[in-house]
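Read off the chains here:
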Protein chains: 2
Amino acid sequence: MSQYAEKAIKGDILSGARLIRLLEDGDPAGIEDLKVLYPHTGNAYLIGLTGPPGAGKSTLVDQIVAEFRSREKTVGVIAIDPSSPFSGGAILGDRVRMRQHATDKGVFVRSMGTRGHLGGLSRAAYETSLVMDAMGYDVVLVETVGVGQDEVSIVDLAHTTVVVSLPGMGDGIQAMKAGILEIGDVFIVNKADKPGAEEVVQNLEIMLEMRDHDEKSWRPPVIKTVAVENQGITELVDAFMGHRQYLVDGGLLEKRRYSRELHFAQELVKEIAYRKISDAVAGSETLRELVAALKNRSIDPYTAAEKLLRGLNFDPL
Amino acid sequence: MSQYAEKAIKGDILSGARLIRLLEDGDPAGIEDLKVLYPHTGNAYLIGLTGPPGAGKSTLVDQIVAEFRSREKTVGVIAIDPSSPFSGGAILGDRVRMRQHATDKGVFVRSMGTRGHLGGLSRAAYETSLVMDAMGYDVVLVETVGVGQDEVSIVDLAHTTVVVSLPGMGDGIQAMKAGILEIGDVFIVNKADKPGAEEVVQNLEIMLEMRDHDEKSWRPPVIKTVAVENQGITELVDAFMGHRQYLVDGGLLEKRRYSRELHFAQELVKEIAYRKISDAVAGSETLRELVAALKNRSIDPYTAAEKLLRGLNFDPL
């Protein structure tokens, strides 16, 4: 019990990495370690960065890390790629990228794909962020490839949500997706030296202006970057820190932290409850009958689920 | 009770649309309707189509629908866009697209975004596919924008999973993502008249050849299309039908249907159980204490979830 927590809290990278692996494997010992770690969390500044494939997110993250390092902040990076079957830093791209930070002890990178993590990638990122937070990293940067559900779940995870766009994507309608606008605290138009960059910036600015807002609400900045040439990165990190200050001043950082914990507590309740139910009905006659009925379509899934749960008592103490 | 089911089974479009809306709103009456519908389902051929933004999926779907119509098949289309807050056919893109099928009663299109559907988009698509299936559509085509979790969940939903690629995406590493390769039954390289198309095809062919397979297993075809010029669509729909026949011949269609029902039955068990638990603890002293403790970080989410569930009895009958 608690093999790695004590050392990870002191910043030991090997213990941190092993604990993350333990959590990936769904080892209950990992959860015990997390409980030990937990009181040492709540200090890291969590940034979530999302955007479509090909937007240059990896290079951006590299440069953002370098900028934070030059400001003497340590950084944990969680790179989530749901389309990759690899995890735990074994992803192919991982060896290619982040090379400039390979020997820097102030930078800790973990990649995760679809393998492992029974609780899903969102849960995996949450747990890894807790470990990095407890290890003492000042900033934890979560990068997700893709558009879709990921963007929404990154909001549950981060204090500041960053949306990356690039010139020439889609047909205008695509760029103006209200869903993306709603979640972003900072917008990046990367590859800003390419044709059409100014148009994307203008579109974003117009849509952000139309968003519901009052004097007190945060107006997300739109920052142009050319990550491969390290252009715009200082302004970008300034924008992150500006948003963080806004959250602190309004007492919102506390609120975001709390809703983050509440969200994952709810997820855990669902998961633990389902496991208890599964254990309770495993091998039972009821389950056998329901599965057979589903198989020959003589029962619908709704009635099947209700029947299964009718056999269970929920009595609050 | 069962306001719309009877009429929807007879193919009434208005009733089908209203039932789908009811389900989106989480109205329990919708579930009762689904139970009535269910015995009339199991006939539609379900195709899931996924790929990155900008791959031309909307145009592809348009042309696929036209091709199925020319083969005298009726088609239901479910367009999922998790980044859009709109749903129920109100999405902006919906008015722009599918114009050629607007007056065709053999085509029924529903769009869904993040709004509504408490059970998530995967559940929403499942329920909508049940309604379309019962309405008698021969083919139900589910289109998801995005790469990520969606691709994985579309596999739970469809009999045939189609992955769309396009030339010039990413850097080669991206094209070879094993996760994408594993899920595809048919691969499309759209915009095949653009430079680099042949390279993408070759990459896919090589990777598919390296995939675990034996003589009996399905070898996914890679089909080149230029959707805007209706090129390759006949071959594509032939490939769909070929895969369907393969599933039928091997008794696999039955299996895929069953695992689809089982998957959603499990999801429903989780959801109903969580609702029961929430109802049971609502307003209780235990819940108030745990929420307060989470707020001031004096308890971790894991311990909180365990404590909450310790107050509940799970006794299988």
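The paragraphs below set out a description of the structure included in this document. None of these values were measured; they are calculated from a predicted model. (Residues numbered from 1 in each chain as written. Chains lettered and ligands numbered in written order. Predicted model: local features only at pLDDT ≥ 70, side-chain atom pairs only at ≥ 80, totals over all residues. Heavy atoms only, no water.)

**A few points about the overall build of chain A**
And then number 1: Counting its regular elements, chain A contains 13 helices and 7 strands.
And then number 2: Classification of the 317 residues of chain A by burial places 55% in the buried group.
And then number 3: Nonlocal contacts in chain A, meaning residues at least 24 apart in sequence, comprise 75% of its contacts between residues at least 6 apart.
And then number 4: In the structure as shown, chain A presents an accessible area of about 13,700 Å², 52% of it carried by carbon and sulfur atoms. (Helix = DSSP H or I, 4+ residues; strand = E, 2+ residues; numbered from the N terminus. Buried < 20%, exposed > 50% of the residue type's maximum accessible area, 1.4 Å probe, protein only. Contact = heavy atoms within 4.5 Å. Areas by Shrake-Rupley, 256 points an atom, 1.4 Å probe, with all protein chains shown as cover.)

**A short note on helix α6 (residues 121–135) of chain A**
Structurally, the α-helix is built with 3.6 residues per turn, so residues lying three or four positions apart point the same way.
And then number 1: The first and last C-alpha atoms of α6 of chain A sit 21 Å apart over 15 residues, in line with the 21 Å expected at 1.5 Å per residue.
And then number 2: Positive backbone phi, at 105 degrees, marks G136 of chain A, one or two positions downstream of α6 of chain A. (Expected span 1.5 Å × (residues − 1).)

**Side note on the packing of aromatic side chains**
And then number 1: The full count for this structure, using the stated rule, is 7 aromatic pairs over all chains.
And then number 2: Look at F108 of chain A and Y137 of chain A: their rings are 5.9 Å apart centre to centre, the planes differ by 15 degrees, and that puts the pair in the stacked class. Placement of the pair is F108 of chain A in strand β3 (residues 107–112) and Y137 of chain A in the loop between α6 and β4 (139–145), with a sequence separation of 29 residues.
And then number 3: Looking at F108 of chain A, the relative accessible area reads 4%, which means it is buried.
And then number 4: The lysine or arginine in question, R244 of chain B, covers the ring of Y45 of chain B, its NZ or CZ lying 5.5 Å from the ring centre.
And then number 5: The ring of Y274 of chain A is capped by K270 of chain B, whose NZ or CZ atom sits 4.8 Å from the centre of that ring. (Phe/Tyr/Trp six-rings, centres within 6.5 Å; stacked < 30°, edge-to-face > 60°. Lys NZ or Arg CZ within 6 Å of the ring centre and 35° of its normal.)

**As for the pattern of salt bridges**
And then number 1: Taken as a whole, this structure holds 34 salt bridges over all chains when the rule is applied.
And then number 2: Between R297 of chain A and E261 of chain B there is a salt bridge, with the nearest N and O atoms lying 3.1 Å from each other. One end of the pair, R297 of chain A, is in the loop between α12 (285–295) and α13 (301–310); the other, E261 of chain B, is in helix α11 (residues 252–281), on a second chain.
And then number 3: Here R297 of chain A falls in the partly exposed class, since its relative accessible area comes to 24%.
And then number 4: Using a relative accessible area of 2% as the deciding quantity, one classes E261 of chain B as buried. (Salt bridge = Lys/Arg side-chain N within 4 Å of Asp/Glu carboxyl O.)

**Quick look at unusual backbone geometry**
Residues and elements named next belong to chain A.
And then number 1: The phi dihedral of K191 falls on the positive side, at around 55 degrees, and the residue is not glycine.
And then number 2: Along the polypeptide, K191 turns up in the loop between β6 (186–189) and α9 (197–210).
And then number 3: Of note, R297 is a non-glycine position whose phi angle comes to about 60 degrees, a positive value.

**Regarding the pairing of strand β1 (residues 45–51) of chain A**
All names here are of chain A.
And then number 1: In terms of residue burial, β1 counts as a mostly covered element, since 7 of its 7 residues are buried.
And then number 2: Because side chains alternate across β1, one face comprises the buried residues Y45, I47, L49 and G51, and the other comprises L46, G48 and T50, equally buried.
And then number 3: Bridge analysis of β1 against strand β5 (residues 160–165) gives 4 bridges, and the strand direction is parallel. Among the inter-strand pairings, L49 is bridged to a residue of β5, identified as V162. (Pairing = 2+ DSSP bridges.)

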